[in-house]
Structure formats: structure tokens, C-alpha cells
Amino acid sequence: MYRGRHVGYLEGSRYKGSTHMLAWALHRITGLGILIFVGAHVIAAFFLNAIGDNISTTITTVYESTPVQIFIYFCVLYHALNGLRLIVEDLWPPLLQYHRELLWFQWLVFLPVFGLPAFLMLMSYLSGGA
Amino acid sequence: MRSRYPDSGSTLEYTLWIFTRLSGVLMLLLGAFAVVYNNLVGGRTLMDIAAQYRWGFFPTYWHVQNTNVPDVFPNWSNSFWQIYALLLFLVAAIHGFNGLRIVVEDYVHRPYLLLFAKGMVAVLFLFTLFAGAVIIFELFV
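One structure accompanies this document, and this report is about it. Computed from a predicted model, the values in this text were never measured in an experiment. (Residues numbered from 1 in each chain as written. Chains lettered and ligands numbered in written order. Predicted model: local features only at pLDDT ≥ 70, side-chain atom pairs only at ≥ 80, totals over all residues.)

## A word on the overall build of chain B
- A count of helical and extended segments in chain B gives four helices and zero strands.
- The globule rule puts the C-alpha radius of gyration for 141 residues at 14 Å, and the 18 Å found for chain B is more than 25% above it.
- Counting only C-alpha atoms and orienting by the principal axes, one finds that chain B spans roughly 55 × 35 × 25 Å.
- Residues counted as buried form 22% of the 141 residues belonging to chain B.
- Summarising the internal contacts of chain B: among those between residues at least 6 apart in sequence, 47% fall at separations of at least 24. (Helix = DSSP H or I, 4+ residues; strand = E, 2+ residues; numbered from the N terminus. Rg over C-alpha atoms; globule rule 2.2 N^0.38 Å. Buried ≥ 20, exposed ≤ 12 C-beta atoms within 10 Å, placed from the backbone. Contact = placed C-beta atoms within 7 Å.)

## Describing the interface of chain A and chain B
- Across the contact, 19 residues belong to chain A and 17 residues belong to chain B.
- Secondary-structure elements contributing two or more residues to the side of chain A that touches chain B are α2 (18–50) and α4 (66–91) of chain A.
- When residues of the side of chain A that touches chain B are assigned to their parent elements, the largest contribution, 13 residues, is made by α2 of chain A.
- Tallied by class, residues from the side of chain A that touches chain B come to 13 nonpolar, four polar and two charged. (Nonpolar A, V, L, I, M, F, W, Y, C, P; charged D, E, K, R; others polar.)

## Quick notes on unusual backbone geometry
All names here are of chain B.
- Going from Phe 73 to Pro 74, the amide bond is cis rather than trans, its omega being 5°.
- With respect to the helices, strands and loops of the structure, Pro 74 is situated in the loop between α2 (49–57) and α3 (79–107).
- You will see that Glu 138, though not glycine, has its phi angle at about 55°, which is positive.
- Looking at the element boundaries, Glu 138 is found in the segment after α4 (111–137).

Written out as C-alpha cells, the structure reads:
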């Protein structure tokens, strides 16, 4: 709970949690990213079918644009991989001994699986494709 | 700041903690099964990979309507996929909004503001469930 500590953003960013703090923060950010994307998607579909309002088209245009799609891909992939790592560590606590190696292995899987499709999407986007 | 482990003594918190783990795996399995099914019934030649994944993570027929699928019935639209989509949607909504509640509890400290914020999370959750049920079962007026 709240302990009345007031830590500035600059000081907070220098917190020595390093890699695992980054993993925690990214898990939180990507989770909220997925929630916003899925929520917007559901609301757009709901208003399109139930009311037929223009707001659906507006929302759809935003989340179907390539930059948002790349961000969503980052969110889903990171959240899934990081969540699987947390499950493995929680269910087999002896593995916590190797938590650093697990995190590096996670990045080793994440970077190519995210990077290649994101690169292709970005190239297609920059060359005027969909 | 909340630790990764649930507060001891609270059965609900513990249940939700377990649920978050199980539902995370379940969502991946449900998505993978739908993608595999999609490919087995012809999705490999009828649609691109984006449409396959749209189907995988929310198997409702309008996710494949704009592809080359000639007829969405019976492979892509029946009660099985409606219940499948509802299960996936329900599990995902609980997982997501429980996560949002935990984030809100981390950053909102004033008791009445916290109560209000959690109330808003509950309202959003219920509205999303309603909207999802309307979309899946086509309960349009």
C-alpha cells in the first residue's frame, strides 16, 4: 500500500531494478495496451452493429493503421512471453535460481519474432502499402 | 507496490491470482486451436495470416467475411464457435479487467477515489461483457 514516498520520475527511472523492473513495467504497459486495443475493438464492433454510428469507422481507422498494429503486436507478444515466464517461475520455484537466464532467453525469443514481422510491416507501410 | 504473490489470507485474491495464470495459458491454447482448425478447414488457401489470427483470437464469422471464404456456414459460423468465442471473451475480460483493478489499486490511494475508480472498472467490465454478448449472439435490436 501507499507509504507516502515521493519519488520523482527522474529518480524513479534510475531505480536499480534494471532488467526485471523493465520487464515488470513493460508487462504492465503492454497489458494496458491490449486492454485499450481490445476494448476499442469491442466498442467499435458494438456501435457499428447496434447503432451504426460513424464513431466505429473513426475508431477502426485508428487501430487498423500500421503504427498502432505494430504497437499492438509488440504488446501481445511481449505480454504473452513475459506471462509464460512468470508462470514457469511461479510453478517451479527452483527455476528462480536462473531468473536472469530465463529473462535473457525471453528477449532472445522475443526480438526476432517481433522484429521480423514489424520490419516487414514497417517497410510495407513506408512504401505506401496497406 | 504489489508483489507478484497474492496477499495471504484472502481467498478471492488467491483465486484471482491462480485464475490469471491459468487463463493466460488457456487464452493461448484457445487461440492456437482456432488457428489450427482454421488451417485444417481451408483457411491456408482462403485467407491471409492476419485473417487467420483474427479468427484465432475471436472466432466469429465476420472476422473471415472479407476473405475468400465462399460460405461462412457451417465451418465458420455455428453454436460451437459462438460458445467458444464467448468463453474466450469471458476469460479475456476477467483477466484484463482484474489486471486493470490491480493497476488502479497500485496508483490510487485516497479511499473514496479508489472506491470510485474500482466502481468505474466494474462498470466498464459489465458494459464490455454486455457488448461482447451482443456481438457474439447478434442480439441487435
